[in-house]
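Tertiary structure, described
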Amino acid sequence: MLRSTCNGPKATMEGTLMDAPSKEFALAGSLEELKIKGRLVVHGGHRPILVIYDRGRVFALDNRCPHMGFPLERGSVEDGILTCHWHHARFDLESGCTFDLWADDVPICPVEVRNGDVWVKTTFTHADLAAHWHQRLANGLAHDLGLVIAKAMHGQLAAGVPQAEIVREVALFGAQNRDGWGVGLTILTALANILPVLPDEEAYFALFHGARRVAADCDGEAPRRERSPLGSRPDPAVLKRWLRRWTNVRHREAAERTLLTAIAAGFSPAELADALFAAGTERAFADTGHSLDFINKAFECLDLVGWQHAAALLPTVVGQMVAARGAEESTAWRQPVDLVALCEESTSELADLFAAGRGSRDWSGHAALAQELLGDDPARIVDALKEAIRAGAAPADLGQSLAYAAALRVARFGNANEHADWETAHHVFTYANAVHQMLTRIGTANIDTHVTAVRGVLHGAMALYLARYLNVPPARIPGDGGEQLDDLPADPETIGAALLDAFDRQRQVDLAARLVARHLTLGHSPQALIATLAHAVLREDAGFHAYQMLEAGVRQFGAWGDTDEGRHILIAVARYLAAHSPTERASLQTADIARRLMRGGELHQEAGSS
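Below: a short report on this structure. (Residues numbered from 1 in each chain as written. Predicted model: local features only at pLDDT ≥ 70, side-chain atom pairs only at ≥ 80, totals over all residues. Heavy atoms only, no water.)

**Observations concerning the side chain of Gln-548**
Inspection of the secondary structure puts Gln-548 in helix H23 (residues 544-560). By relative accessible area, Gln-548 is classed as buried at 4%. Contact partners of Gln-548, with chain neighbours within four places excluded, come to Thr-186, His-290, Asp-293, His-426 and Thr-430. (Helix = DSSP H or I, 4+ residues; strand = E, 2+ residues; numbered from the N terminus. Buried < 20%, exposed > 50% of the residue type's maximum accessible area, 1.4 Å probe, protein only. Contact = heavy atoms within 4.5 Å.)

**Focus: the layout of surface pockets**
Of the pockets and cavities examined, the largest pocket occupies roughly 440 Å³. Residue assignment for the lining of the largest pocket shows that the elements contributing at least two residues are helix H3 (129-143), helix H4 (146-158) and helix H25 (586-598). Along the lines of polarity and charge, the residues of the lining of the largest pocket split into twelve nonpolar, five polar and seven charged. Forming the walls of the second largest pocket are 15 residues, and the residues nearest its centre are Phe-285, Thr-288, Ser-330, Trp-333 and Leu-466. Among the elements of the structure, helix H18 (421-442) and helix H19 (447-466) are those that each provide at least two residues to the lining of the second largest pocket. The element contributing the most residues to the lining of the second largest pocket is H18, with three residues. (1 Å grid on protein atoms, 1.4 Å probe; cavity = no way out; pocket = protein on both sides within 12 Å on 5 of 7 lines; lining within 4 Å. Points joined across faces, edges and corners; volume = space filled by probe spheres on them. Nonpolar A, V, L, I, M, F, W, Y, C, P; charged D, E, K, R; others polar.)

**Considerations on the packing of helix H10 (residues 269-280) against H18**
Two numbers describe how H10 lies on H18: the axes approach to 8 Å, and their chain directions differ by 135 degrees. Overall, the two elements H10 and H18 adopt an arrangement that is oblique. For the pair H10 and H18, the crossing hand works out as left-handed. Side by side, H10 and H18 meet where Pro-269, Ala-270, Ala-273, Asp-274 and Phe-277 of the first sit next to Val-435, Met-438, Leu-439, Arg-441 and Ile-442 of the second. (Axes fitted to C-alpha atoms, helices over the stretch in contact; angles between N-to-C directions. Parallel < 35°, antiparallel > 145°, perpendicular 65-115°, else oblique. Left-handed = near helix turned anticlockwise from the far one by under 90°.)

**Regarding the state of the cysteines**
Within the structure shown, the criterion is met by zero disulfides. With no disulfide of its own, Cys-65 lies closest to Cys-84 among cysteine sulfurs, the gap being 3.9 Å. Judged by its relative accessible area of 1%, Cys-84 falls in the buried class. (Disulfide = S-S within 2.5 Å.)

**Re the pattern of salt bridges**
Within the structure shown, the criterion is met by 47 salt bridges. The partner of Glu-300 in a salt bridge is Arg-555, with the nearest N and O atoms 3.6 Å apart. In this pair, Glu-300 sits in helix H11 (residues 290-305) while Arg-555 sits in helix H23, placing the two residues 255 residues apart along the sequence. With relative accessibility at 31%, the residue Arg-555 sits in the partly exposed group. Residues Asp-501 and Arg-505 are paired through a salt bridge, measuring 3.0 Å at the closest nitrogen-oxygen approach. (Salt bridge = Lys/Arg side-chain N within 4 Å of Asp/Glu carboxyl O.)

**Topic: the nonpolar core**
Ranked by size, the top nonpolar core spans 165 residues in total, and within it Leu-314, Trp-333, Leu-373, Leu-398, Met-462 and Leu-533 carry the most contacts. Excluding anything up to four places from it in sequence, Trp-333 contacts Ala-284, Phe-285, Ala-327, Asp-338, Leu-339, Val-340, His-459, Met-462, Ala-463 and Leu-466. Formed by 16 residues, the second largest nonpolar core is a distinct cluster that contains Ala-26, Cys-109, Val-111 and Val-120. (Core = buried A, V, L, I, M, F, W, Y, C linked by side-chain atoms within 4.5 Å.)

**Regarding the packing of aromatic side chains**
With the rule as written, the count across this model stands at nine aromatic pairs. Centroid distance Phe-70 to Trp-86: 5.4 Å. Interplanar angle 50 degrees. Geometry classified as tilted. Residue Phe-70 is located in the loop between strand S5 (57-62) and strand S6 (76-78), and its partner Trp-86 is located in the loop between strand S7 (81-83) and strand S8 (90-92); the two are separated by 16 residues in the primary sequence. Phe-70 sits in the buried class, given a relative accessible area of 10%. When the ring of Tyr-404 is compared with that of Trp-560, the centres are 5.0 Å apart and the planes differ by 50 degrees; the resulting orientation is tilted. One end of the pair, Tyr-404, is in helix H17 (residues 395-411); the other, Trp-560, is in helix H23, and 156 residues separate them in sequence. Residue classification places Tyr-404 among the buried positions, given a relative accessible area of 3%. Taken together, the aromatic side chains of Phe-285, Trp-333 and Tyr-431 make up a single cluster linked through ring pairs. Across from the ring centre of Phe-25, 4.8 Å away, lies the NZ or CZ of Arg-114, which sits over that ring. Here the guanidinium or amino end of Arg-468 rests over the ring plane of Tyr-465, the centre of that ring lying 4.0 Å away. (Phe/Tyr/Trp six-rings, centres within 6.5 Å; stacked < 30°, edge-to-face > 60°. Lys NZ or Arg CZ within 6 Å of the ring centre and 35° of its normal.)

**Points about the side chain of Asn-193**
Relative to the elements of secondary structure, Asn-193 occurs in helix H6 (residues 183-193). When its relative accessible area of 17% is taken as the criterion, Asn-193 is described as buried. Not counting the four nearest positions on each side in its chain, Asn-193 is found in contact with Lys-297, Glu-300, Leu-304, Glu-551 and Arg-555.

**Quick notes on helix H15 (residues 366-373)**
Three or more residues of H15 are buried, namely His-366, Leu-369, Ala-370 and Leu-373. With its buried residues spanning 105 degrees around the axis, H15 presents them on a single face. (Arc of directions from axis to C-beta.)

**Some details on the packing of helix H22 (residues 526-538) against helix H24 (residues 564-579)**
Between H22 and H24, the least distance of the axes is 11 Å, while the angle of their chain directions is 20 degrees. Classed by the angle they form, the pair H22 and H24 counts as roughly parallel. Seen from above, H22 lies across H24 with left-handed handedness. Within the contact between the two elements, H22 uses Leu-529, Ile-530, Leu-533 and Val-537 and H24 uses Leu-570, Val-573, Ala-574 and Leu-577.

**Looking at the sheet that holds S8**
Spatial strand order, S6-S7-S8: three strands in an open sheet with antiparallel pairing. The two strands at the open ends of the sheet, each matched to only one other strand, are S6 and S8. Averaged over all adjacent pairs, the angle separating strand axes in this sheet is 25 degrees, with direction ignored. Pairing between S6 and S7: three bridges, direction antiparallel. Pairing of Glu-78 across the sheet is with Ile-81, part of S7. (Pairing = 2+ DSSP bridges.)

**Comments concerning the pairing of strand S4 (residues 46-54)**
Pairing of strand S3 (residues 39-44) with S4, which is carried by five bridges, proceeds in the antiparallel orientation. From the neighbouring strand, Val-41 faces S4, where its bridge partner is Leu-50. The turn linking S3 back onto S4 is made up of one residue. Pairing of S4 with S5, which is carried by six bridges, proceeds in the antiparallel orientation. Bridging from a neighbouring strand, Ile-52 pairs with Phe-59 of S5.

**Let's talk about the sheet that holds strand S2 (residues 25-30)**
Spatially, the three strands line up as an open sheet ordered S2-S10-S9, and their pairing is antiparallel. Two strands in the sheet have a free side with no partner beyond their single neighbour: S2 and strand S9 (111-114). On average, each strand axis in the sheet is tilted by 30 degrees relative to the strand beside it, whichever way the strands run. Pairing geometry for S9 and strand S10 (residues 117-121), over four bridges, is antiparallel. Across the sheet, Arg-114 pairs through a bridge with Asp-117, a residue of S10.

**Digging into helix H21 (residues 509-521)**
Across its 13 residues, H21 extends 18 Å between first and last C-alpha, which sits within 8% of the 18 Å expected from 1.5 Å per residue. The inward-facing, buried residues of H21 contact H18, helix H20 (492-503), H22 and H24. Positive backbone phi, at 80 degrees, marks Gly-523, one or two positions downstream of H21. (Expected span 1.5 Å × (residues − 1).)

What follows is the structure, encoded as structure tokens:
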């Protein structure tokens, strides 16, 4: 914050050395005029600047209230405090700092009195813009101030701060200021994952939403307690067994110290993923899939911010992992078919098949296996997995097939279902995506890994089986069978506009699906379509699951590419998003206000003014 203000007599003496006009300074008026009027507004090729005379001193501030842009010239000054008359935010005249944190500080600028005239420097700058906005973001996160977060995000991006550095700042704040991984960090990571496909304006919104949700998660929460690794360095296999044991008996402290020991011992990301995947699948489909999804997102977050932060971020997932409720406690998993017993009986057999076959790089039966996984006979589903392994499928191949099958559950979600049933389909899809991503990261290390991999896939397959009622009857997937959809627009811009219009209205699930199919069947850019879907989410007050659905869909589309399967996945995303749109879009308004203020716009205008 610039603090260059000066009183009249001293400024006058200094001004005698600087009588020549400067391009950086503008003439506000005479000191006598300012004393009489109390305030003047300087206009020009810059933001309007408010100059105030108070108790023998001259001050200059941005004339726009930093909260909503109301002209501060209409405010009142008393005892060195400037009060805005719109929302009654109060500011220290000398520093511009606010007494009301929700309003943000008002920028100030230096003033000089030269030979009886008041000159104002017309730039609002800081010696180190990146450092200034870094600190403002820290303040916004600490106090959960949406407007401050939005301004700081815009300021950092404008100052050239790399996106990964911003994500790192927010992620570490979230890890330190909440006792456990939460939805905010998941949203932040999901949105950071898709930043490469977003234009600059959408990247700003994505980072704002991620940071805002992290701040909300941490607001009022106790900070995280630090724990330390063990003094010994046991064998990796021992640490993996210990982590599973502590998860089983719900011993959080022991599990965290074990994980920290693995990190301190220099475990690779693949080895850490193997250990956490094994512990995370000790309970079937734990917390309806959220537990494993959070674990996967923690790994993806470290890919983004750097693995040197593993000790700060990875242990945050342990609390939920050890406390999670498993599907084995659910009646639906026990009756009329005991799916838990089926998984337990099949795990070692499928793992042995993996160990014998070691997988084949030439296996390409992903789509065919996905169709088998959508069947209505659990035993037959297990048999299909066995056949795939015998044919050369690797663990990650099974994960990819599972994720595609789960996407088809969403793409074919029947509109006759209750609205809440969308979440059942969503949970299976995001869990399956997490299984796929974790198995891809782990690779095929040893036979014990195969047991873990099989268990995770079996749990996902049984959750998929239990969700089969969502496709009775199944919704038709547009674009299949050579359908041209000629009643819809043909050029990509018009299709995109029509898709956003569909999201502006309720119950446009089928229309959204048809527009996505139209775009892709005509060979238009999938990246442009993904950007449109992202925009549709980022303008909403989206729920947690919408961010998950978008990112998992983009991930899975990346695995399949511009194929029929890829089209089905993006149709699934569009249908889910359309079912949950529109919303009030209050967050979008906050982000837009911040952007306009940062760009120097005047938000408050009289009625009828242009």
